[in-house]
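Observations on chain architecture
One letter stands for each residue in the lines below.
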Amino acid sequence: MSTDPASAGSPHPGPAVRCAGLRHAFGTTVAVDRLDLEVRRGEVFGLLGPNGAGKTTTIRMITTLLPAPPDAITVLGRDVARQRTAVRRLIGYVPQQLSADGTLSGRENVMLFARLFDVPRRERRAQVESVLDAMDLTEAADRPAKTYSGGMVRRLELAQALVSAPKLLVLDEPTVGLDPVARDGVWDRIAAIREATGMTVLVTTHAMQEADEHCERIALMHRSRIRALGTPAELKAEIGPDATLDDVFRHNTGDALSGEADGKPADRTIETGGMRDVRAARRTAGRVG
Amino acid sequence: MSVLPAAPPAASADAEPGPLRLTRTALSRIATMCLVELQKLRHDRTELVTRAVQPALWLIVFGQVFTRIHAIPTGSIPYLDFLAPGILAQSALFIAIFYGIQIIWERDAGVLSKLMVTPTPRVALVAAKAFAAGVRAVAQAVVVLLLALVLGVSLTANPLKLLGVVVALLLGSAFFCCLSITIAGLVLSRDRLMGIGQAITMPLFFASNALYPVELMPGWLQAINHVNPLSYEVNALRGLLIGVDTNLALDFGVLVVAAAFMITVASALLPRLARG
Ligand SMILES: Nc1ncnc2c1ncn2[C@@H]1O[C@H](COP(=O)(O)OP(=O)(O)OP(=O)(O)O)[C@@H](O)[C@H]1O
Ligand SMILES: [Mg+2]
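Residues numbered from 1 in each chain as written. Chains lettered and ligands numbered in written order. Predicted model: local features only at pLDDT ≥ 70, side-chain atom pairs only at ≥ 80, totals over all residues. Heavy atoms only, no water.

So, about the packing of helix α3 (residues 106–116) of chain A against helix α2 (residues 19–43) of chain B. To describe two helices that pack against each other, one gives the angle between their axes and the distance between the axes. In the contact formed by α3(A) and α2(B), the axes pass within 10 Å of each other and the chain directions differ by 170°. The angle between α3(A) and α2(B) falls in the class roughly antiparallel. Contact with α3(A), carried on its side by A:E108, A:L112, A:R115 and A:L116, involves B:R29, B:T32, B:M33, B:L35, B:V36, B:Q39, B:R42 and B:H43 of α2(B) and no other residues of that element. Taken together, the residues of the contact of α3(A) with α2(B) sort by class into 5 nonpolar, 3 polar and 4 charged. (Axes fitted to C-alpha atoms, helices over the stretch in contact; angles between N-to-C directions. Helix = DSSP H or I, 4+ residues; strand = E, 2+ residues; numbered from the N terminus. Parallel < 35°, antiparallel > 145°, perpendicular 65-115°, else oblique. Contact = heavy atoms within 4.5 Å. Nonpolar A, V, L, I, M, F, W, Y, C, P; charged D, E, K, R; others polar.)

All names here are of chain A. In this structure, T56 (OG1) and Q96 (OE1) serve as the protein donors to the magnesium ion (ligand 2), at separations of 1.9 to 2.2 Å. In this pair, T56 is assigned in helix α1 (residues 55–62) and Q96 in the loop between β6 (91–94) and α3, connecting sequence segments 40 residues apart. Taking relative accessible area as the criterion, T56 reaches 24% and is therefore assigned partly exposed. Note on Q96: relative accessible area 22%, which makes it partly exposed. (Donors = N, O, S within 2.8 Å, 3.2 Å for Na, K, Ca; no water. Buried < 20%, exposed > 50% of the residue type's maximum accessible area, 1.4 Å probe, protein only.)

Turning our eyes to something else, we now look at a nonpolar patch on the surface. Residues and elements named next belong to chain B. On the surface, V53, L57, I60, V61, V65 and I69 cluster together to form a nonpolar patch covering roughly 510 Å² of accessible area. Residue placement: I60 occurs in helix α3 (residues 46–69). Classification of I60 by relative accessible area gives partly exposed; the value is 38%. (Patch = residues over 30% accessible without salt bridge, like charges linked within 9 Å, V, L, I, M, F, W, Y side chains within 5 Å. Areas by Shrake-Rupley, 256 points an atom, 1.4 Å probe, with all protein chains shown as cover. Salt bridge = Lys/Arg side-chain N within 4 Å of Asp/Glu carboxyl O.)

If a residue is not glycine, its phi is most likely negative; likewise, a peptide bond is most likely trans. Residues and elements named next belong to chain A. Here D136, not a glycine, exhibits a phi torsion of approximately 55°, which is positive. Within the element layout of this structure, D136 appears in the loop between α4 (121–134) and α5 (150–162). Here the phi dihedral of S224 falls at roughly 70°; this positive angle occurs in a residue that is not glycine. Structurally, S224 can be placed in the loop between β9 (217–222) and β10 (225–230).

Residues and elements named next belong to chain A. Across the sheet, which stays open at both edges, the 6 strands sit in the order β6-β7-β8-β3-β9-β10 with mixed pairing between neighbours. Two strands close off the open sheet at either side, each with one partner strand: β6 and β10. On average, each strand axis in the sheet is tilted by 15° relative to the strand beside it, whichever way the strands run. Note that β9 and β10 share 5 bridges and pair antiparallel. For M221, the partnering residue across the bridge sits in β10 and is I226. Helix-sheet contacts for α1 involve β3 (44–48), β6, β7 (168–172), β8 (200–205) and β9, and the interaxial angle to β8 is about 150°. Taken strand by strand, α5 contacts β6 and β7, and its axis lies near 160° from that of β6. (Pairing = 2+ DSSP bridges.)

The next subject is the site of ligand 1. Taken together, 15 residues sit near ligand 1, with A:N51, A:G52, A:K55, A:T56 and A:T57 positioned nearest. Residues within reach of ligand 1 are spread across chains A and B. Contact distances for ligand 1 include 3.1 Å between an oxygen atom and a side-chain N or O atom of A:E173. Contact with the protein chains covers 69% of the free accessible surface of ligand 1, which is 630 Å². Elements with a minimum of two residues in the shell around ligand 1: β2 (29–39) and α1 of chain A. Considering every element that reaches the shell around ligand 1, the biggest residue donor is α1(A), with 3 residues. For the shell around ligand 1, the class distribution of residues is 4 nonpolar, 8 polar and 3 charged. (Near = heavy atom within 4 Å. Polar contact = N/O pair within 3.5 Å; in protein donor to acceptor, adjacent residues only side chain to side chain.)

This paragraph deals with the packing of helix α4 (residues 79–108) of chain B against helix α7 (residues 159–187) of chain B. Residues and elements named next belong to chain B. α7 packs onto α4 with a crossing angle of 35° between their chain directions and a minimal axis gap of 8 Å. For the pair α4 and α7, the sense of crossing is right-handed. Along its contact with α4, which presents L88, A92, L93, A96, I97, Y99, G100, I101, I103 and I104, the element α7 presents V165, L169, S173, F176, C177, S180, I181 and A184. Among the residues making up the contact of α4 with α7, the classes are represented as 15 nonpolar, 3 polar and no charged. (Left-handed = near helix turned anticlockwise from the far one by under 90°.)

Residues and elements named next belong to chain A. If you trace the backbone, F26 turns up in strand β1 (residues 17–26). For F26, a relative accessible area of 36% corresponds to the partly exposed category. For the pair formed by F26 and R78, sequence separation is 52 residues and the distance between their alpha carbons is 26 Å.

Given below as structure tokens:
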């Protein structure tokens, strides 16, 4: 699958996301620099890179959370700077942290977002039940979210992001801190939803293995720039036969992968910990960068 | 780079919302957030009790002692009756200030980001938070007022006046919640905000007429009292609950303007808060 079928004969005009010459600096720290990116409609696109590469900053610009100049970013043809509200309506966003409200039940958490996205009152209840069901949370729906495991919280957040039937699902490190079973659970559900709705998925991760398995195309980000772009197969083929994405990563980031930057140590410490454990792991992951 | 695709068809639906749409969205979001606040309260009723401890101490200990020794002259009304609305306003103040601290926690936890990626104008988001704080304050007020009744304070039973009490509490809480969010937007860290929060709530309380009549204050304190929205809140509550003479139009006028002003300032600082 080194050629890309989606580019030819796509029924939709224009990409799902286009970034041109994106740049963002926090004070003197340049987090994103001269970044050009196109995410095609309907694909699962992975934004990869070590801690501090600028993945979250890029995501936050695309989702209107950080300011972007006019014409720098379009989401499904809408300019992020000029049509912010319209862009927000199209996006389902799951941030890097586990962000469900622990005191509310699962159902209330999802219902909140159905309301915030103006899902019509008539459809609201059915829509909420259907995403809860798709995320296998129907049974746990009446329990407070603080009693959920890390994997359940992530699925709850997916349900929150999906209840508005977004055209673009944006996931920032959806599997960090989850055990392998929970991780597969998240990816399987993303795949199923995409299959059913044809929505575009933009996902960041530093787990190469997962990107290889689940993303159609990936961009490798390092020190605020994109260093490589293509299908996993293309990128691996460039390095040589039998190359893994890890090799591609190492090749493109120099020594950045010497241990802490691939996020694996943090992943391994967590089995089926609750929300708090996963938060702690996430904080560690953040500090490492 | 290649040329941009043609503009999508439904352009009118994509335009930024006008004032009418904005108002409708704001009202809908306020309703949503208030509902969520009630849901949270239902899940955690113990908080209503633990948060009632402090006002209870003020009423039972401070109020009863000072009533007995007649240390503070309040004319024909018993001191405890005079104090009760002040304590009501105080407990609302503490809840509202805490709400601003909570928004920093929400930022750190990613909750704020998620709310900000919904089609909700900043000002509607802040107003919704502000009135949600008010809902909690009102729920707390019910507990405090029941306690006051038990202690023998004679309160109004006029439903219209009680409705006025709810409105005064909502407006006062909205102001202080947004004051706290504004400070959060300036200092950006939870630790600093906690410090500042503690440093301002007590002065706000003591530099108001919650504990003593204005006439007893030294001149400089009276001056502060006149620009302290808490005093207008207390005046309104006192006027409505125990029938003390006050200019309700002025009290509510000040509260409405103060709340609107603070919601505006806080929503201007919200993006900065979310970014930091
Ligand atoms: N709010 C902020 N204030 C100052 N600097 C920031 C802020 N957010 C990010 N940075 C800096 O910008 C750079 C990029 O950070 P970003 O969070 O985008 O990286 P990331 O690729 O998402 O990393 P991770 O894998 O750790 O999540 C880092 O050097 C980081 O320290
Ligand atoms: Mg990140």
